[in-house]
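Spelled out, the chains give:
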Amino acid sequence: ETGVTQTPRHLVMGMTNKKSLKCEQHLGHNAMYWYKQSAKKPLELMFVYSLEERVENNSVPSRFSPECPNSSHLFLHLHTLQPEDSALYLCASSQEASGGSGELFFGEGSRLTVL
Amino acid sequence: GEDVEQSLFLSVREGDSSVINCTYTDSSSTYLYWYKQEPGAGLQLLTYIFSNMDMKQDQRLTVLLNKKDKHLSLRIADTQTGDSAIYFCAERIYDMRFGAGTRLTVKP
């Protein structure tokens, strides 16, 4: 496999459920990201991991919990979500290096619907 | 302003050129990017330009950068129906900052 893969592509969950989104990158990159895309706010950065350490958390509610066990894998654990959390969740990776172009490579996204 | 700004919609006829404009926020941005998003998919990197360049051409795509005005544009020559998508402009300072996206509709 190549690039950035996300599973599941579609997820429907109730407000009391616990689920997880998974992301895997096959590009040898050292940074991974979670973005939220919705009609209200097109692209919101949620979490950044660089060298497996979380470097940014843009005031995301605690019902979203990220996990980065190694440089190739990123999870987003979901717990007691609200209907307004329904959105497309995009994972991305990049190679962070001095002088590099730093472009992000995105997965296809996980479409989440909270009932 | 504090946001990367783009027009929300653009409609062109097949075969015409499309020009998508963007105003970014920080003159110290080192790289500027254009991404394309097709329905139900993630963002695909189209091209990027280093801030010391004025222009970059890649087949049907031409990127123009005006650093003085902090203005970036993407020109698509001979626009095809397959080019219909949302196009995002982004700047990289510390993290990547995206515009709201321009929805390009190509009419036959």
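Now for a look at the structure at hand.

**Details of the interface of chain A and chain B**
In this assembly, 20 residues from chain A lie in contact with 17 residues from chain B. Considering only the surface of chain A that becomes buried against chain B, A:Leu43, A:Ser101 and A:Phe106 emerge as the three largest contributors, covering 30% of it. One can count 8 residue pairs in polar contact (both at pLDDT 80 or more) joining chain A with chain B. Where the side of chain A that touches chain B is concerned, the elements lending two or more residues are strand S4 (31–37) and strand S9 (87–94) of chain A.

**Details of the packing of aromatic side chains**
Summed over the entire model, instances satisfying the criterion amount to 12 aromatic pairs over all chains. Here the aromatic rings of A:Tyr35 and B:Phe98 are separated by 5.7 Å at their centres, their planes lie at 90 degrees, and the arrangement is edge-to-face. One end of the pair, A:Tyr35, is in strand S4; the other, B:Phe98, is in strand S10 (residues 96–98), on a second chain. Using a relative accessible area of 1% as the deciding quantity, one classes A:Tyr35 as buried. Ring centres of B:Tyr33 and B:Tyr35 lie 6.4 Å apart, and the angle between their planes is 35 degrees; on these two criteria the pair is classed as tilted. As far as the burial class goes, B:Tyr33 and B:Tyr35 line up, both buried. Through a chain of ring-to-ring contacts, three or more aromatic side chains come together here, namely A:Tyr33, A:Tyr35, A:Phe106, B:Tyr31, B:Tyr33, B:Tyr35, B:Tyr48, B:Phe50 and B:Phe98. Sitting over the ring of B:Tyr48, B:Lys56 keeps its end group 4.4 Å from the ring centre.

**A word on the nonpolar core**
Residues and elements named next belong to chain A. The biggest cluster of nonpolar side chains holds 22 residues, and the ones touching the most others in it are Trp-34, Phe-64, Leu-76 and Leu-78. The set of elements that each furnish at least two residues to this core consists of strand S2 (10–13), strand S3 (18–25), S4, strand S5 (44–50), strand S7 (64–70), strand S8 (73–79), S9 and strand S11 (110–114). Counting 20 residues, the second-largest nonpolar core is a separate cluster that includes Tyr-33, Leu-90, Ala-92 and Leu-104.

**So, the state of the cysteines**
Tallied over the full model, the rule gives 2 disulfides over all chains. A:Cys23 shares a disulfide with A:Cys91; S-S distance 1.9 Å. Since a negative S-S torsion denotes a left-handed disulfide, the A:Cys23-A:Cys91 link at about -75 degrees is left-handed. Of this pair, A:Cys23 sits in strand S3 while A:Cys91 sits in strand S9, and the two are 68 residues apart along the sequence. As far as burial versus exposure is concerned, A:Cys23 and A:Cys91 are alike and both buried. Note that B:Cys22 is cross-linked by a disulfide to B:Cys89, the S-S spacing being 1.9 Å. Disulfide B:Cys22-B:Cys89: the torsion about the S-S bond is -60 degrees, which places it as left-handed.

How each quantity is defined
- Residues numbered from 1 in each chain as written.
- Chains lettered and ligands numbered in written order.
- Predicted model: local features only at pLDDT ≥ 70, side-chain atom pairs only at ≥ 80, totals over all residues.
- Heavy atoms only, no water.
- Contact = heavy atoms within 4.5 Å.
- Buried area = accessible area lost by both parts, 1.4 Å probe.
- Polar contact = N/O pair within 3.5 Å; in protein donor to acceptor, adjacent residues only side chain to side chain.
- Helix = DSSP H or I, 4+ residues; strand = E, 2+ residues; numbered from the N terminus.
- Phe/Tyr/Trp six-rings, centres within 6.5 Å; stacked < 30°, edge-to-face > 60°.
- Buried < 20%, exposed > 50% of the residue type's maximum accessible area, 1.4 Å probe, protein only.
- Lys NZ or Arg CZ within 6 Å of the ring centre and 35° of its normal.
- Core = buried A, V, L, I, M, F, W, Y, C linked by side-chain atoms within 4.5 Å.
- Disulfide = S-S within 2.5 Å.

By themselves these figures say nothing about function.
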